[in-house]
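Structural overview for review
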Amino acid sequence: MLEIEHLYKKYRNSERFSVEDLSLTLEKGEIFGFLGQNGAGKSTTIKCLTGIYPFTSGTIRICGYDISKDPILAKMNMGYVPDNHAVYEKLTGREFVNYTADIYKVNKRNRAERFDKYVEQFKLTHAVDMQIKSYSHGMKQKICVIAALIHNPKLWVLDEPMMGLDHQSMIEILKRMNEHCEEGNTVFFSSHNLDLVAKVCDRAAIIKDGKLQCVIDLKIPENKKTLEEQFVKITSSNDSKSEEDLALEKLVKDKFEDR
Amino acid sequence: MNNIFTLLKLEIKDTGLGNFRVKDYKSWFKLVMYAGVVVAFFFFALFASKIYFSMFKTAGIAYEALIIFFSVVFALLTITGTSGTIKVLYFKSDNEILIRYPLTGNEIFTSKILFLLIRQIITTILILIPFLYGYTQIETVNKAFMYRAPLVVIFMVLITFCLSNVLAIPVMHLTNKIRNKFILIIISLAIIVMALFAGYMMLFNKMVVYMKEQDFSVFDQEIVNKIEMASRYLYPKAFADLLTGEKLYMAYPFLLIPTGVGIALTFLIVETLYFKTLLINVEIEGSAFKRKTRNTVRPVFFTLLNKEFIQVFRSVNYSFQYFVLACAMPGMVFFSNSIVQTLARQQSGERMTFGVTLLVMMVFTTIITSFAATTVSREGHSFYLTKTAPVKIRLQLFAKFTMYFIVSFLANSISLVVIAGAKQMSVNYALITFVIVQLNSISLTLIAMRTDIDKPAFNLVGDGGEIQNNNVNTTRAVTTGMLVSLLLGMLGMIFGAQLKLIILVIFSLTMLGFIYAILRYEINLRKKYYSINN
């Protein structure tokens, strides 16, 4: 569903690679978590695979389509929820979703069916005909989710989707992620919430300084339990350990020893 | 008190004037530039005031001209004051931040009102001094005129300032009521722009005619009588009376009472309404209109076009620059063309008509097409979203181009009908002018679009991350357009005697520009577009 091979990305005025030799393969029907500290390269990777950023070298294929060579077909199979809930704020929620549906060539019947279903599921019925400008942070996130799902994408990419959402909305999105995968699609999302990733993902990757550190199979119950420990171990290397890192490490160690 | 001055300093810094650094050459350069603009304005205003007052003096109504001048200044200061008060006091984006701090409503209000007062004083002085000085050059005045002039400035500042503060709240509520009635706003603004422009052009015409025939009055007796009659009943007559020492027993109460009442009302507003209104407005800023639409299915191109149109149409700043000016363009072209043609004909007969019309149309078309220089910039954060759409770049950009093209084509076509209909030009020459202007309009649009794609000026703060006003690319687009307009217009005027030949030359230049614009737009377009935000 998603194949990333030896991805390198360096920004124009940067001396170091933001993403370095990253390779990943996502299978059909799985929920994949993408973990890393702030600035590790998660959002850059996502922006490369969604076609927002060009990349230095490597290959990204979505449903077999190369994002560099066949960007239109690759994007057609993908739905994207950005981290900054960027939307066309002058449009109403309905106008925005219809715009997206037109772009992805969704027919009238499917769009009406999905639109009604998601608007109700994410409790946006009262606001859907209001200008997005007036939406709260969470509401903007929800309308982005609806727009990303209106064409029932094979690959659903979400960048920090739970940020600023209330508990109920988080549950709705997680529910939708599960349903989406059960329908044979794939979900790829970045997050800082280790508990959430451990709970919902089939696999998770940890990235540090732009390099992929490991891919963890979370179907194995033991891995779910030790995810937090592994994350801390990987992300706080010895050479850069500060007092805060050491304190955090001790805290996590104590916590797991208690178990 | 410290809080008030800190807030006032912040307010001044926000204008860009408060960042002066003694050791920074850019600061000095900026200061010299500002000083240069002020001096240039002073001399220009002095020159204009001398013509203005002597034009009325020839008709025997110099004093009435002073009353009319005070009336215009009074209206202008009240309008700009009210608009400034609404923007700074009630709708400034920092209000939401400031009310979170441990500051009282009075402290926020006082700092902002001091800022507005300083601005009102500077504006009033800048306008009044050159014109009053100009009046003394035309009319004999006594010594008291000089002593009373500062008093006039003080009264003018205080009365218009207080009036602005009193008017701000009702005007603001009215604005809130119509803020989402976009068609109404666009039509009203187009009418106002056209009316102001027509008034300005008529006065300009009279002044130019007077400059040529200084011994004759440009007003007939009926108009003179009307001006005399009307000026007797205008409130700002009190300023003229005070300045010239006429009916002082009437002038002082007429100025002192409104000043006292205005100050009292302003204080009353602080105590009762300010903080409450501020809170309401912070809420209203986040509110938006509701519009129920159907789930219409559109082809990709039309959905892109529709989105572009809505985005611009529902942003008052952009709508003004774009749709309002496009709506007003035929009227403005007609007025400018008729006046400039009258003057040009008197100088050099029919031969300048083509060049003048071309220049006028090109200038207006430049202003309209400069909007294309925000093609990418105005999307702000949403540009990420645009980039992820499974639509070819060229189609995305073509939708934007189509919107620019439709607007400029309609504005130019209606201008063509107006020009030909008013017989300012023969139909054949009007058509040729239209073709040349339209081709240049396409070229300027493509160049402006590409300039913005090469170096977009995103301003990622504020409403949806979109840019609030024009950016450096717009300035570049306007400069390029004006230079092209001047070049082609001047060629048409200078060599108007050999009309067919010069049309051929101008058309050839236009075609060259057109080819250059297409190449400039096309070469490396995809690469440049993808590298935005990289």
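Residues numbered from 1 in each chain as written. Chains lettered and ligands numbered in written order. Predicted model: local features only at pLDDT ≥ 70, side-chain atom pairs only at ≥ 80, totals over all residues. Heavy atoms only, no water.

1. Let's talk about the pattern of salt bridges
All names here are of chain A. For clarity, the threshold we go by: Take a side-chain nitrogen of Lys or Arg and a carboxyl oxygen of Asp or Glu: if they are within 4 Å of each other, that pair is a salt bridge. By the criteria applied, helices consist of DSSP H or I runs no shorter than four residues and strands consist of E runs no shorter than two, each listed in order from the N terminus. Burial classification: accessible surface area is computed with a 1.4 Å probe over protein chains only, and a residue below 20% of its type maximum counts as buried, one above 50% as exposed, and the rest as partly exposed.
Inspection of every chain in the model, using the stated rule, returns 24 salt bridges over all chains. Here Glu5 and Arg61 are joined by a salt bridge, their closest N and O atoms 2.9 Å apart. One end of the pair, Glu5, is in strand β1 (residues 2-9); the other, Arg61, is in strand β4 (residues 57-62), with 56 residues separating them in the sequence. The exposure class assigned to Glu5 is partly exposed, which follows from its relative accessible area of 32%. Owing to a relative accessible area of 23%, Arg61 belongs among the partly exposed residues under this scheme. With a shortest N-O distance of 2.7 Å, Arg203 and Glu30 are connected by a salt bridge.

2. Quick notes on empty space enclosed by the protein
What counts, and what does not: The pocket and cavity definitions rest on a 1 Å grid over protein atoms only: a 1.4 Å probe that fits but cannot leave marks a cavity, an open set with protein on both sides within 12 Å along at least five of seven lines marks a pocket, and residues lining either have an atom within 4 Å of a point. Grid points are joined across faces, edges and corners, and a volume is the space filled by probe spheres set on the points. Here the term charged refers only to Asp, Glu, Lys and Arg, the term nonpolar to Ala, Val, Leu, Ile, Met, Phe, Trp, Tyr, Cys and Pro, and the term polar to all other amino acids, Gly among them.
The full count for this structure, using the stated rule, is 4 cavities of 30 Å³ or more. Counted as a void, the largest cavity has a volume near 190 Å³. Looking at the largest cavity, it is lined by 19 residues, and the ones nearest its centre are Phe96, Thr100 and Tyr104 of chain A together with Leu385 and Thr388 of chain B. Within the residue set of the lining of the largest cavity, elements represented by two or more residues are β6 (78-81), α3 (93-103) and α5 (137-149) of chain A together with α15 (383-388) of chain B. If one sorts the elements of the lining of the largest cavity by residue count, α3 of chain A sits on top with 4 residues. Here the lining of the largest cavity is composed, by residue class, of 14 nonpolar, 5 polar and no charged.

3. What about the layout of surface pockets?
Residues and elements named next belong to chain B. For the second largest pocket, the calculated volume is near 1,200 Å³. Tyr52, Tyr200, Leu203, Phe204 and Met207 are, among the 33 residues lining the second largest pocket, the residues nearest its centre. Breaking the lining of the second largest pocket down by element, the ones donating at least two residues are α2 (25-58), α3 (62-90), α5 (105-138), α7 (182-212) and α8 (221-232). Per element, the largest residue contribution to the lining of the second largest pocket is 13 residues, and it comes from α7. Residue composition of the lining of the second largest pocket, by class: 29 nonpolar, 2 polar and 2 charged.

4. A short note on helix α17 (residues 427-454) of chain B
Convention followed: Each residue after the first adds 1.5 Å to the expected span of a helix.
For α17 of chain B, spanning 28 residues, the distance from its first C-alpha to its last is 40 Å, which sits close to the expected 40 Å at 1.5 Å a residue. The buried count for α17 of chain B comes to 21 of 28 residues, which makes it a mostly enclosed element.

5. A short note on the packing of aromatic side chains
Rule in force here: What counts as a ring pair is set by centres within 6.5 Å for rings of Phe, Tyr and Trp (its six-membered ring), and what kind of pair is set by the plane angle: stacked under 30 degrees, edge-to-face over 60, tilted for all other angles. Remark: a charge is flagged as sitting over a ring if the NZ atom of Lys or the CZ atom of Arg is within 6 Å of the ring centre and within 35 degrees of the ring normal.
A full pass over the atoms with the stated rule returns 31 aromatic pairs over all chains. With 6.3 Å between their ring centres and 65° between their planes, Phe313 of chain B and Phe323 of chain B make a pair best called edge-to-face. A residue pair is termed long-range when its members are at least 10 positions apart, and Phe313 of chain B in helix α12 (residues 300-313) and Phe323 of chain B in helix α13 (residues 316-348) qualify at 10 residues. In this structure Phe313 of chain B comes out as buried when scored by relative accessible area, which is 18%. Aromatic rings pair up to connect Tyr52, Phe53, Phe56, Phe69, Phe70, Phe74, Phe131, Tyr135, Phe145, Tyr235 and Phe239 of chain B into one cluster. The ring centre of Phe17 of chain A lies 4.9 Å from the NZ or CZ of Lys10 of chain A, which sits over that ring. Taking NZ or CZ as reference, Lys47 of chain A lies 5.1 Å from the ring centre of Tyr384 of chain B, over its face.

6. A look at the sheet that holds β4 of chain A
Rule in force here: Pairing between two strands requires that DSSP report at least two bridges joining them.
Pairing in this open sheet of 4 strands is antiparallel, and the strands run β2-β1-β4-β5 (chain A) from one edge to the other. Lying at the two open borders of the sheet, with one neighbouring strand each, are β2 (19-26) and β5 (65-66) of chain A.

7. Side note on the sheet that holds strand β9 (residues 203-208) of chain A
Residues and elements named next belong to chain A. Definition in use: The axes used here are C-alpha line fits, helices contributing only the stretch in contact, and every angle between their N-to-C directions lies in the interval 0 to 180 degrees. Should any heavy atoms of two residues lie within 4.5 Å, those residues are counted as being in contact.
Ordered in space as β6-β7-β8-β3-β9-β10, the 6 strands form an open sheet in which the pairing is mixed. The open sheet has two edge strands, β6 and β10 (211-217), and neither has a second partner. The sheet shows a mean angle of 15° between the axes of neighbouring strands, taken without regard to direction. Sheet strands touched by α5: β6 and β7 (155-159). Its angle to β6, the strand with the most contacts, is close to 175°. The strands touched by helix α8 (residues 221-235) within the sheet are β3 (31-36), β9 and β10, with β10 carrying the most contacts at an inclination of about 165°.

8. Here we look at the packing of α17 of chain B against helix α19 (residues 499-522) of chain B
How two helices sit against one another is set out by the angle between their axes and by the gap between those axes. Residue and element names in this part refer to chain B. The following threshold applies: Under this scheme an angle from 65 to 115 degrees is roughly perpendicular, one under 35 degrees roughly parallel, and one over 145 degrees roughly antiparallel; angles in between are oblique. Each crossing is labelled by how the near helix is turned from the far one, with a counterclockwise turn of less than a right angle marking it left-handed and a clockwise turn marking it right-handed.
Across the interface, α17 lies against α19 with an axial gap of 9 Å and an inter-helix angle of 25°. For the element pair α17 / α19, the angle class is roughly parallel. In this structure, the crossing between α17 and α19 has a hand that is left-handed. Among the residues making up the contact of α17 with α19, the classes are represented as 19 nonpolar, 5 polar and 5 charged.

9. Brief notes about the interface of chain A and chain B
Cut-off, in case you're wondering: What gets called buried area is simply the loss in accessible area from a 1.4 Å probe that two parts show on being joined, summed for both.
Chain A puts 43 residues into the contact, and the matching count from chain B is 45 residues. Regarding the contact of chain A and chain B, the summed buried area is about 4,000 Å², with carbon and sulfur atoms giving 55% of it. Per-residue buried area on chain A facing chain B is highest for Tyr88, Lys90 and Asp102 of chain A; these three make up 17% of the total on that side. Counting across the chain A and chain B interface gives 2 salt bridges. For Glu95 of chain A, the salt bridge is made with Arg314 of chain B, and the minimal N-O distance between the two is 2.8 Å. Contributing elements (two or more residues each) for the side of chain A that touches chain B: α2 (71-76), α3 and α4 (108-121) of chain A. Across the side of chain A that touches chain B, the residue classes tally to 20 nonpolar, 9 polar and 14 charged.

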